[in-house]
Amino acid sequence: MASAISIRDLHVSYHGNEAVKGVSLSVEAGNLVGIIGPNGAGKSTFLKAILNLIPKDKGEVKIYGHTIKEVRKKIAYVPQRNDIDWDFPITVLDAVLIGTYPHLGLFRRPKKEEKKWAFECLERVGMQEFSKRQIGELSGGQQQRVFLARALAQKADLFFLDEPFVGVDASSEETIVNILKELCSQGKTVVVVHHDLSKANDYFNRLILLNKELISYGAVNEVFQPEMIEKAYKGQFAFMKEIGVSM
Ligand code: ADP
Ligand code: MG
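A brief look at the structure comes next.

What counts, and at which threshold
- Each chain carries its own residue numbering, running from 1 in the written order of its sequence.
- Ligands are numbered from 1 and chains lettered from A, in the order in which they are written.
- For this predicted model, a pLDDT threshold of at least 70 governs which residues receive local features, and a threshold of 80 or more governs which side-chain atom pairs are given and counted, while totals over whole chains, interfaces and linings are taken from all residues.
- No hydrogens and no water enter the side-chain calculation; it runs on all heavy atoms of the structure.
- Strand pairing requires that DSSP identify at least two bridges connecting the strands.
- Only DSSP runs of H or I with at least four residues qualify as helices, and only runs of E with at least two residues qualify as strands; both kinds are numbered from the N terminus onward.
- To get an axis, fit a line to the C-alpha atoms, keeping to the stretch in contact for a helix; angles then go from 0 to 180 degrees between the N-to-C directions.
- Throughout, the term roughly parallel applies to angles under 35 degrees, roughly antiparallel to angles over 145, roughly perpendicular to angles from 65 to 115, and oblique to all others.
- If you view the pair so one helix is near and one far, a crossing is left-handed when the near helix is turned anticlockwise from the far one by less than a right angle, and right-handed when it is turned clockwise.
- Note on contacts: a residue pair is in contact if any heavy atoms of the two residues lie within 4.5 Å.
- Charged residues are taken to be Asp, Glu, Lys and Arg, nonpolar residues to be Ala, Val, Leu, Ile, Met, Phe, Trp, Tyr, Cys and Pro, and polar residues to be all remaining types, Gly included.
- We define a nonpolar core as any set of buried Ala, Val, Leu, Ile, Met, Phe, Trp, Tyr and Cys residues linked to one another through side-chain atoms lying within 4.5 Å.
- Only protein chains enter the area calculation, which uses a 1.4 Å probe; residues under 20% of their type maximum are buried, those over 50% are exposed, and those in between are partly exposed.

1. A look at the sheet that holds strand β1 (residues 5–14)
Across the sheet, 3 strands lie side by side as β2-β1-β4; this open sheet has antiparallel pairing. With partners counted over all chains shown, the strands left at the sheet margins are β2 (17–27) and β4 (58–63), one partner each. Sheet twist, expressed as the average angle between the axes of neighbouring strands with direction ignored, equals 20°. Bridge count between β1 and β4: 5 bridges; the pairing is antiparallel. Counterpart to Ile5 in the pairing with β4 is Ile63.

Printed below as a string of structure tokens:
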């Protein structure tokens, strides 16, 4: 059977500056994958290019052997906080209802059934009491829960989340992690760009260590070598030297 995600020789650049260089890897279904790397390492770019939201210079991405276009409905994406317009006037319930749209026919508005499902998704993230609130009036953790509820409402098979724990309280973080783990245990595939390295060990079972190029990818204990990681975040050059990547 084809891998959940298969990436071959992915290159992305902005105005001639390469942000992602020649990344190839495959992710099998049911994994909870963390993407780690310093600021500006191309983590968000990598996700966006996989999802076809920005153009690639080169490379191929297959989802269960299909192009993104063919399976877009099955993929949920929660962008980085600062890519979302939080002042956009929309209630919590409506934000989650958007997740049900891929399953609605043309010109069909969400009905009772979709509303009920959206509400169930809100319950799952513990936000049912806030359904009528504007999303701009929520805390960071609450906003992130709502976006996860929207992703759940989509009934996706693959979930991509970009830094979902930034600006989020500990209890929301725990709720989100538990739901992501549950999704994986149901055979879904979850890819998360993550910053707080201390938790990488507990949260993920695969890690992608990225710094424009793919530095390392594999089981967490293979990739997560404390000395390596520490150096990665202290000084990029020392880190790259340490692990034998020439620059
Ligand atoms: P990360 O998510 O790892 O912090 P990004 O993918 O956001 O990194 O950015 C990778 C590099 O590409 C950075 O040097 C960043 O400045 C640059 N970059 C990101 N988005 C754009 C853009 N829209 N236009 C030009 N350069 C960009
Ligand atoms: Mg980013």
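2. Considerations on the packing of helix α5 (residues 140–153) against helix α6 (residues 170–185)
Between α5 and α6, whose axes approach to 9 Å, the crossing angle comes to 20°. The angle between α5 and α6 falls in the class roughly parallel. Every pair of crossing elements has a handedness; the one defined by α5 and α6 is left-handed. Contacts between α5 and α6 involve Gly141, Gln142, Gln144, Arg145, Leu148 and Leu152 from the first element and Ser171, Ser172, Thr175, Ile176, Ile179, Leu180 and Leu183 from the second. Counted by class, the contact of α5 with α6 contains 6 nonpolar, 6 polar and 1 charged residues.

3. Some details on the nonpolar core
The biggest cluster of nonpolar side chains holds 50 residues, and the ones touching the most others in it are Leu122, Val146, Phe159, Leu180 and Val190. Among the elements that make up this core, the one with the highest residue count is α5 (7 residues). Discounting residues that sit within four places of it in the chain, Phe159 has contacts with Ala76, Ala151, Leu152, Leu183, Lys188, Thr189, Val190 and Val191. In terms of nonpolar packing, the next biggest core, distinct from the first, is built from 29 residues, Leu25, Ile35, Ile68 and Ile75 among them.

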